[in-house]
Amino acid sequence: ALEPLSVSLAIGVAWAITGYLSHPNFYCSYVECCPSDGHRINATALRAQLDARLFGQHLAKDVVLKAVMGFANNPSPKKPLTLSLHGWAGTGKNFLSQILAEHVHPAGLRSKFVHLFLATLHFPYEDKVKLYKEQLQNWIRGNVSACPHSVFIFDEMDKMHPGVIDAIKPFLDYYEQVDRVSYRKAIFIFLSNAGGDLINKAALDFWTSGKRREEIQLKDLELMLSVGVFNNKNSGLWHSSLIDRNLIDYFVPFLPLEHKHVKMCVRAEMTARGYAVDEKIVQAVADEMTFFPKEQKIYSDKGCKTVQAKLDIHED
């Protein structure tokens with residue numbers, strides 16, 4: 001027969017081990033957990049990442065950093081943070097959204113709490129808009145119920161059929177709860193090429209008037225951008241209640257990239273591949289890019305989008 005003391009000791013050890021294994025810190029070191037309400041985004045690390053990986057976008061970096069940190073440090077936000085990123089392809093919209101997602105959930109786009117929707121993949125057919133709206137509401141409701149700090153990224157908004165995105169309007173509004181679920185700590189990000197022409201024209205006007213691009217401020221572009229996409233049938237936000245009800249917190253413009261920014265992208269890509277930076281190759285890749293306007297050739301018409309492919313042909 002076992003001694004009572006031995007039995008008690010064994011039970012105590014078992015309870016201790018069980019308690020240790022079930023402790024959130026131990027469990028979450030092996031399985032991804034939703035961040036607690038006390039979780040804070042590291043502003044210094046986020047700024048460093050944006051400075052090191054996103055080029056030529058002083059305005060977008062400043063606006064998003066302030067918006068995200070203000071939201072993250074608010075213990076009781078009144079609504080979810082909603083950002084709409086606009087600009088031509090290759091200017092860094094996807095890049096910034098990925099960096100932001102990584103600082104909310106370290107696994108980034110691989111996180112089960114970060115959800116990427118592609119208009120041409122998830123909402124391809126115009127005659128199924130009603131179904132898409134129902135599905136979208138169910139997806140968001142289920143995921144926010146599982147993790148209040150969920151991040152939702154909607155790419156290709158300019159290819160989204162009109163009306164689809166209005167399905168999420170109740171979740172972005174100033175409601176404490178919708179069907180007993182609070183959405184106030186979630187983040188919604190829209191990515192769109194719509195408005196890119198307006199942004200490019202404004203940037204060119206600044207250049208023509210002799211002003212530095214760093215002098216461009218959000219107030220110079222945001223109203224024009226919101227009105228432009230609201231009246232653009234190919235924006236995904238055409239006559240959207242999200243704009244009409246002022247539920248998008250910031251319209252963030254991404255400026256067209258200049259020759260020097262393309263070179264920065266090439267250097268960063270070479271470093272990421274473990275290469276020593278060779279300025280001759282940097283120049284060669286930049287020279288293969290095409291620029292606009294036709295006469296001045298100031299801005300890359302593809303941003304940095306084709307840098308990786310062009311660098312491939314310069315590998316030894």
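Residues numbered from 1 in each chain as written. Predicted model: local features only at pLDDT ≥ 70, side-chain atom pairs only at ≥ 80, totals over all residues. Heavy atoms only, no water.

Asker: Help me out: how do you make sense of the state of the cysteines in this one?
Answerer: Here is the idea: a disulfide is a covalent bond, and it sits between the sulfur atoms of two cysteines. Throughout the structure, instances matching the rule amount to 2 disulfides. Across the disulfide from cysteine 34 sits cysteine 147; the S-S distance is 2.1 Å. Its S-S torsion of about 70 degrees marks the bond between cysteine 34 and cysteine 147 as right-handed, since a negative value means left-handed. Taken together, the residues span a long stretch of sequence, with cysteine 34 in the loop between helix H2 (24-27) and helix H3 (43-53) and cysteine 147 in the loop between helix H7 (129-146) and strand S3 (151-155) at a distance of 113 residues. Owing to a relative accessible area of 0%, cysteine 147 belongs among the buried residues under this scheme. There is a disulfide in this structure between cysteine 265 and cysteine 304, and the S-S distance comes to 2.0 Å. Sign of the S-S torsion, about 85 degrees for the bond between cysteine 265 and cysteine 304, identifies this disulfide as right-handed. On the criterion of sequence distance, the pair formed by cysteine 265 in helix H12 (residues 259-272) and cysteine 304 in the loop between strand S7 (299-300) and helix H14 (307-312) is long-range, its members being 39 residues apart. (Disulfide = S-S within 2.5 Å. Helix = DSSP H or I, 4+ residues; strand = E, 2+ residues; numbered from the N terminus. Buried < 20%, exposed > 50% of the residue type's maximum accessible area, 1.4 Å probe, protein only.)

Asker: Help me understand the environment of leucine 198, please; the structure alone is not making it clear to me.
Answerer: Within the secondary structure, leucine 198 is located in helix H9 (residues 196-208). Classification of leucine 198 by relative accessible area gives partly exposed; the value is 33%. The sequence separation of leucine 198 and histidine 86 amounts to 112 residues, and the corresponding C-alpha distance is 9.9 Å. Not counting chain neighbours up to four residues away, the residues in contact with leucine 198 comprise Met224 and Gly228. (Contact = heavy atoms within 4.5 Å.)

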